[in-house]
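So the chains spell out like this:
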Amino acid sequence: MNTQFVGQPIRRVDGRLKVTGGARYAADFNLDEHVYAVIVNATVGLGRIVSIDQAAATRLPGVIAVISHLNAPRLAYHPHKGAIDPATGERLHVLQGDQVRFYGQPVAVVVADTLDQAERAAAALSITYAAKRPAVDPSASDTTEIMAEASKGPKAYYPADTARGDADAALATAPVRIDAFYDTARENHNPMEPHATVARWDGDRVTLWSKTQFVVNEQAEIAAIFGIPTENVQVISPFVGGGFGTTLRTWSHVTIAALAARQVGRPVKLALTRKQMFFTTGHRPRSLQRVALGATPDGKLTSIVHEGRGETSRYEEFIEALTAGTGFMYSCPNVRTQYRIVPLDTGTPNHMRGPGEAQGMFALECAMDELSYELGIDPIELRRRNEPEIDESTGKPFSSRSLMPCYDRGAELFGWAQRNPAPRSMRDDREYVGMGCASATYPVLFSPTRARARLLADGTAEIEVAASDMGPGTYTSMTQVAADALGLPLDNVRFSLGRSDFPPAPPHGGSQTMASVGSAIRAACAAVLEAAARNREVRPIEAEGSAQRDPEVAARFSMHSFGAVFAEVGIDSDVGTIRVRRALGVYGAGRIVNPRLALSQCTGGMVGGIGMALMERTMLDARDGRLVNAHMADYLMPVNLDIDRLEAHFVDEEDPHVNPLGVKGLGEIALVGMAPAIANAIFHATGTRLRNLPISIENVLTA
Amino acid sequence: MKAAAAGYIRANDLPHAISLLEQSRGEARILAGGQSLIASLNLRLAGETALIDINGVAELSGIELVGEQLRIGALTRHRELASSDLVARHVPAIAQAAPLIAHAAIRNRGTIGGSLAYADPAAELPACMLALDAQIVVRGPAGERRVRAGDFFVDLFTTDLAEDEMIVAVEVPVAVAGERQATMELARRSGDYALAGIVLVDRPSGVRAAFFGVGPTPILATGAMAAIDRGASPDEAAALLEGDLQPLDDVHAPAAVRLHLARVLLRRALAATRS
Amino acid sequence: MSDTAQSFPTRVDISLTVNGEPVDARVDVSRHLVDFLRLDLGLTGAHAGCEHGVCGACTLQVDGEIVRGCLMLAAQLDGAEVWTVEGLTETGALADLQAAFVERNALQCGFCTPGMLFAAADILAQGGQPSRVAIREHISGNYCRCTGYEAVVDAIETVAGARARGEEVSA
């Protein structure tokens, strides 16, 4: 493999556009004659719309249409399950009936000549409801946990139940035991760019300039909802202002934008407000977990029990990897996992950076830390003593696993040896200082992808894939891959993405873009070189290539990334404020295509983990399901001054099995492990074990 | 999301602003820096309202020493408070408070008059006025009157201002020889409103401690102040804050935490003024 | 609403300069500065992220000072001098910062970047070599959800040093 550019710290190719304001996000597209749509959201958490009085709104200047279930056309809503949609249940059918399933559900849309007019009219709409009390707290007695359909059976991707040995019996007889409950908060992705869609119909064809991490799914879904051929929908999404999973699915506002545009016969721009994003664009579900560990006095695990519950909506069964890491992280003869979901009167959750692993590994890694203190064994040493030879949950070897090299490198860089193992033993002036660590993991995913490569007469090349770049640097890394594959300088390669008429790519999530899209681009480049060699006259000449994982290799190996995360916290001894003084992550993630980009990607994920640990929590009012803090002043996430020294490092790891590029992905694993490392550091600083996230001043003070 | 503004007029001068206010019979609001007002209009928390923009009224700006008072015009921006030599020399509590307010871009627009009229219980400047025993200079159709800070802040987001009155300035007693001042706060996150804060004015004649974020208005901790003046230790004084303050449980923090933070702040502020 | 309040104009004429060019407009009084730029003038470099002054994505310059574009009304701009990232790119005033942001990869999705550049330029305008904490403090009102902030601080620190030494940094 030619690696002139792959592996090099190339500057991002879209940098200039982004620092000059030239990158165009969905809401930046202004069409001639477009009008504005504003969604009206339910102000009850469960019930039925009794009446909508739109007389006052309709009279306001500039108002073109008020659309609700009373007058909206029945949409086809043909069956459609995208790769990211919950396998069981049916998406919200928007403006199709009087039922209100959750607080903030769209119940009407107002279209007006200007945004100001649409806002005014939306506020003037008078809607009455017959409200019932919603169930929004998964720990409350009025909720019932269920086994998700898609998690039933041993072959399920996220099985409801797994077991090897007899974990409960082994736990009962274990010489040393830890058994504790963990609670992680509901979170919202909160990318900086709010969701937006600009929709324009030309006859029975619609073009959507839309924020999405999955353009071909948005295309297929809108086609299914409107009952039109897939090729009649064009989705354009050149830049995505952050996603973290929220734009993997096509949410109801996209349908509303298209519906409104069709109804009024004009292009429509619809941008969600920050508050509306909290209602209808998914969230990381709250988790309730129990982890019990049994061990011998010398620190060999004899039992792991991990029981987890997550939230879902009443109408879809959202499942994620809550207990997925537990089976293979450590060597242990007796392991039992259980995963259930709790249907609530909320919108459907969806994947948020490190989905499931972030919460599940929080519980497991805090429990491992608790066990280390119980045993009096250094937490890294405890993990070393339980390092497995193979993936014991499947019996397969790991394609590569660098957990202990990550710990060793991290311990050295972090100065772990300077840590006094006794809790509450380290102090710096007014601060109690604590150091903690935790493991991170995320599977190496791969999805079939196609790419197109075109050689032009001037010696340059164009590469096209319907991929996305929500920020990590898809534009740049794919340009590197193509330049190497074609033997061209970087400047001679132009990579385009974000159009549904390009060859299809998988969702830009699950840390699989580099592997999947990169491999397809290599294949396309090889194909076009071959075609060009056969036909030296015709230019431009183009070819497509595709990539999929060799099923035989996939069946032979267990493929995951691993990492070790370290955090040092300072706790103000008087007031309990918690400061992350420094943090460091070391990752074994296969080949690093661009170290310059990888570094930011990882530190960004670590900040997300700091937010999860100390700040982020979406609060619901149990009386009516209202979101209490649905804006940025009250939904806290880290600002610059909350961060001090952050470092990310990579161990050399060659993995020939995962994919042709040998890359394992970074986006998700960078968040996983940070929260438990911080919680473990807080224990070390204070001697108090805090198992609910986010951990706040009052938890420290009242503990 | 659009500001719920129902109308807008730029006031040419102070009499014009007052006459607009009078004519609007309570349905218009003064637009000064707008950093809270426009935010609340954006969130549609305030309903549609007409706006009287006073940003062009030059006589509302400026900081000057008038006898034993520092007169600060209502339109003085937080940034100016933070950088003014007069403020730093004569009312250091305000100089310390200004940089704690939000972030640079907000401080460039936000004004002292706006902050006092908005009367957010977690805001720094109302507590400064209270601790410094400042007078709020208020003008309406009937003329000018002065309201002591202790009488000005009536309740949550509620002041003594009549609907046809506006703040034109504040008059703050300057620090006397030997006087020390300290403004401190604790927030969950940098730049956020404080969970609890203190403005301590430590005069040879007696101490004044005003707290913010621990009740519906800024609160003078009279019990603790009297104890300090009697020679009580900081710990003893801090113990009395439970009777002085009225913290509430809310989405940001439980009342008990706020009270605890207030106690710590009192000890720290005393340590700072008496070090 | 009373007659008096109704007599307050709902549209206002303004005359200002944007990026050095004169602009005359009649604006709805509920129009924000940032929407005026984005929707009426097509200058989409300033982004609307939260619309209540928290996130900083709409930060730009009015009369020489950074402000939140969502916390000023277009109606307030009569006589104002407004600069956006597009304009300061053309003048070259941000060139060294822009180059440093790209060099250090101090941006990912880029949505916060124009606002971040204005906040960065603002602290650099104070001169000298600010500490990392001072830089962090100054740009804490500009949220970034992607980069982990370190690279942003590095980039600003680098430019501060270069400017202090009188070095040219080209875009």
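Predicted model, so just to flag it, every value in this text is computed and none were measured. (Residues numbered from 1 in each chain as written. Chains lettered and ligands numbered in written order. Predicted model: local features only at pLDDT ≥ 70, side-chain atom pairs only at ≥ 80, totals over all residues.)

A. The overall build of chain C, seen in detail. Of the regular secondary structure elements, chain C holds 7 helices and 5 strands. N-terminal to C-terminal, the α/β element order of chain C is α-β-β-α-β-β-β-α-α-α-α-α. The C-alpha atoms of chain C give 17 Å as radius of gyration, which agrees with the globular expectation for 171 residues (16 Å, within 12%). Across the 171 residues that make up chain C, the buried fraction comes to 64%. Relative to all contacts within chain C whose residues are 6 or more apart in sequence, the contacts with residues 24 or more apart total 60%. (Helix = DSSP H or I, 4+ residues; strand = E, 2+ residues; numbered from the N terminus. Rg over C-alpha atoms; globule rule 2.2 N^0.38 Å. Buried ≥ 20, exposed ≤ 12 C-beta atoms within 10 Å, placed from the backbone. Contact = placed C-beta atoms within 7 Å.)

B. Region of interest: the interface of chain A and chain C. The interface is formed by 45 residues belonging to chain A together with 47 residues belonging to chain C. Counting residues per element, the side of chain A that touches chain C draws most heavily on helix α15 (residues 595–614) of chain A, which supplies 7 residues. Of the residues that constitute the side of chain A that touches chain C, the class distribution is 20 nonpolar, 15 polar and 10 charged. (Nonpolar A, V, L, I, M, F, W, Y, C, P; charged D, E, K, R; others polar.)

C. Main features of the sheet that holds strand β2 (residues 47–53) of chain A. All names here are of chain A. Strand order in the open sheet made by the 3 strands is β4-β2-β6, with antiparallel pairing throughout. The strands lining the two open edges of the sheet, one partner per strand, are β4 (99–100) and β6 (126–131). Two strands pair when backbone bridges link them, and β2 and β6 are joined in this way by 6 bridges, in the antiparallel orientation. Directly across from D53, in β6, lies its bridge partner S126. (Pairing = 2+ DSSP bridges.)

D. Molecular detail of the domain arrangement of chain C. Residue and element names in this part refer to chain C. Domains assigned within chain C are domain 1 (3–88) and domain 2 (94–164). The gap between the C-alpha centroids of domain 1 and domain 2 is 24 Å. Residue-level contacts link 14 residues of domain 1 with 12 residues of domain 2. Every element with two or more residues in the side of domain 1 that touches domain 2 is listed here: β3 (59–62) and α3 (85–91). For the side of domain 1 that touches domain 2, the element with the highest residue contribution is β3, accounting for 3 residues. Residue classes in the side of domain 1 that touches domain 2 are distributed as 8 nonpolar, 6 polar and no charged. (Domains from an automatic or database assignment.)

E. Inspection of the interface of chain B and chain C at higher detail. If you look at the interface, chain B gives 32 residues, while chain C gives 31 residues. Those elements that place two or more of their residues in the side of chain B that touches chain C are β1 (5–10), α1 (14–24), α2 (37–42), β3 (49–53) and α6 (104–107) of chain B. Tallying contributions element by element places β1 of chain B first for the side of chain B that touches chain C, with 5 residues. Across the side of chain B that touches chain C, the residue classes break down as 16 nonpolar, 11 polar and 5 charged.

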